[in-house]
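Notes for the structure review
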Amino acid sequence: MDALNWLPPALLTWLPSLGSMLIGVLLASLAFRIGERLVRRATRDAPVAASVARAIRSPAKWGLPLLPVNAVLQGTPANAPGLAGAQQLCALLLIGAVTWLVSNAVRGVAQGVIDTNPTSTADNLHARRIQTQTRVLARTLQGLVLLIGLSLMLMTFPQARQIGTSLLASAGLAGLVAGFAARPVLGNLIAGLQIGLSQPIRLDDVVIVEGEWGVIEEITGTYVVVRIWDQRRLVVPLQYWIEKPFQNWTRTTSELIGTVFLWVDYRTPLAPLREELQRICEASPHWDKRLNLLQVTEAGERALQLRCLVTAGSAGAAWDLRCEVREKLVDFLQRAYPQYLPRLRAELDMASAPAAAPAHGGEAREPTR
């Protein structure tokens, strides 16, 4: 120590602690490398665990060395200059690293579950249900973890604790104001939990909301993104899906019944139209072979209304099939029965018709007897 007398006294006080920190950081780095290899081998056949391991790699790499540093700071002599600031900084970093690690662990579990339930299969209803629950609950849990981590960080400051104590003294008014201010946040949080558990909507669900036809593209912690058929995006708050009615075309299954309406003349033969509908459906790749039916649903003053019911395996296929049936039935009527398209009839009664005016503006003459 005599050889180090030229160093400042403050640095001499910190030298043992700094040496211990350096050794601890090296040991922590070595433990991280060994643990990473062991975890990688252990999770080779476990997709969810492997996803968690990948997600927590970075926070574990930076957070693990903070453990020996924090332990050394706790054993550092109290007379070391700047000890309180160093301890508080280390505590903040440690809390941040743990918050980062837990949040990434939740995200890793969610990603692992999503990867094991892909939506690329034909009947993906179960997979979409699992993915929706996983995404919504994971984002909710991540928000709670972040909130708890920030709260713990604030609690490390004595001034923050004093502010909290003074606020608790006037908890009545402050609680009322905070409740009104946080109502949208808490409402969206509760709505997110309800959507995740009861699942009125799922990813890739076909819905009609605010008069728009679209597909659920993304569900976040505060809003839902609906991809409209013309590539627009409709952003809807989470609370909307709990408080207001909407149509979900794929709630229990993606199969749908499509309708096509036609107006034809009263003399139109229906048997050839039914045969043509059967032929169109059998030739279409969008028909799922469950149902095709042609019925007269209304007899109006001037024409008959025909309704064609056709089935498809998805909303997109149902839309394409409806357009195809409508187009080809109209084409069939134009080719085979053009005289039976809707027309306006008028009946003229010549006996009660007024006498025609003279061609050259002269007076009308009585008919010759």
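This text gives an overview of the structure that appears in the document.

Definitions and cut-offs
Residues numbered from 1 in each chain as written. Predicted model: local features only at pLDDT ≥ 70, side-chain atom pairs only at ≥ 80, totals over all residues. Heavy atoms only, no water. Helix = DSSP H or I, 4+ residues; strand = E, 2+ residues; numbered from the N terminus. Buried < 20%, exposed > 50% of the residue type's maximum accessible area, 1.4 Å probe, protein only. Pairing = 2+ DSSP bridges. Disulfide = S-S within 2.5 Å. Axes fitted to C-alpha atoms, helices over the stretch in contact; angles between N-to-C directions. Left-handed = near helix turned anticlockwise from the far one by under 90°. Contact = heavy atoms within 4.5 Å. Nonpolar A, V, L, I, M, F, W, Y, C, P; charged D, E, K, R; others polar.

In this structure, Y340 sits in the segment after α11 (315–336). Owing to a relative accessible area of 18%, Y340 belongs among the buried residues under this scheme. Sequence-wise, Y340 and T268 are 72 residues apart; in three dimensions their C-alpha atoms are separated by 5.4 Å.

What the five strands build is an open sheet, ordered β4-β3-β2-β1-β5; its pairing is antiparallel. Strands at the two margins of the open sheet, each flanked by one partner only, are β4 (233–237) and β5 (247–248). The sheet contact formed by strand β1 (residues 206–209) and β5 spans two bridges and is antiparallel. Paired with V207 across the two strands is N248, which belongs to β5.

Right, let's talk about the state of the cysteines for a bit. Summed over all chains, the structure comprises zero disulfides. Here C281 is not cross-linked by a disulfide; its sulfur's nearest cysteine counterpart is in C308, at 8.3 Å. Since its relative accessible area comes to 0%, C281 is described here as buried.

Another point: unusual backbone geometry. The residue D204 is not glycine, and still its phi comes out positive at about 70°. With respect to the helices, strands and loops of the structure, D204 is situated in the loop between α8 (171–198) and β1.

Glancing now at the packing of helix α2 (residues 47–55) against helix α5 (residues 83–116). Running from N to C, α2 and α5 point in directions that differ by 145°, and their axes come no closer than 7 Å. Classified by chirality, the crossing of α5 by α2 is right-handed. On α5, the residues touching P47, V48, S51, V52 and A55 of α2 are N104, A105, R107, G108, V109, Q111, G112, V113 and T116. Each residue belonging to the contact of α2 with α5 can be placed in one class, and the counts come to seven nonpolar, six polar and one charged.

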